[in-house]
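Report on the structure
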Amino acid sequence: PFAAELIQNARAIAAPGKGILAADESTGTIGSRFKAINVENVEENRRKYRQLLFKSEGLEQYISGVIMYEETLYQKTDEGTDFVAILKQKGIIPGIKVDKGVKPLAGTNGECVTQGMDDLDVRCAKYYAQGARFAKWRAVLHIKDLIGATPSMVAINENAQTLARYASICQQNGLVPIVEPE
């Protein structure tokens, strides 16, 4: 049921001369950035920081999509307007980070696999209802020259299968999947 919308949104995200703004830092990651400038890591400060980004004049000239952290998807401006609405008014496609971080992959030499598949379908439906139209999933493949044999076939296969399942679930729920192996 989402085929035409997925194609339209994918084309808009990939608009020539524009890029995707990654505003999906976790609470911990943004906390490190705030600490460096003596800003307390509380939700209100995170909201104000992202409001500054999203309300920047001319943002839409360079940005086609914004990846948000779950907290941000539900936040509003000082005036009470949803961040999603602000982005849509600028012609920017709202997106959402849907993975839940990485965990060690058993049977490997320090490699990992991304978590978050268990309730992904439910979360994708909820995010679509809130206005997200694309999603990002990060998969980490380690290349460690000192120990060799990485990435292993176990890690490659596990991450490839997880990325494929993620992409399929997103499409079934109206979200364009951004696949991010790193």
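Residues numbered from 1 in each chain as written. Predicted model: local features only at pLDDT ≥ 70, side-chain atom pairs only at ≥ 80, totals over all residues. Heavy atoms only, no water.

Some details on the overall build of the protein
When its secondary structure is counted, the protein shows 7 helices and 7 strands. Along the protein, from the amino end to the carboxyl end, the secondary structure elements read α-β-α-α-β-α-α-β-β-β-α-β-α-β. The C-alpha atoms of the protein give 18 Å as radius of gyration, which agrees with the globular expectation for 182 residues (16 Å, within 12%). Taking the principal axes of the C-alpha coordinates as reference, the protein spans close to 50 × 45 × 35 Å. (Helix = DSSP H or I, 4+ residues; strand = E, 2+ residues; numbered from the N terminus. Rg over C-alpha atoms; globule rule 2.2 N^0.38 Å.)

Side note on unusual backbone geometry
For Asn38, which is not glycine, the phi dihedral falls at a positive 60°. If you trace the backbone, Asn38 turns up in the loop between α2 (27-36) and α3 (43-54). Take Asn38: its relative accessible area is 75%, and that puts it in the exposed class. (Buried < 20%, exposed > 50% of the residue type's maximum accessible area, 1.4 Å probe, protein only.)

A look at the pattern of salt bridges
Counting across every chain of the model gives 17 salt bridges. Lys76 serves as the salt-bridge partner of Asp82, at 2.6 Å between the closest nitrogen and oxygen. In this structure Asp82 comes out as partly exposed when scored by relative accessible area, which is 27%. Using a relative accessible area of 39% as the deciding quantity, one classes Lys76 as partly exposed. (Salt bridge = Lys/Arg side-chain N within 4 Å of Asp/Glu carboxyl O.)

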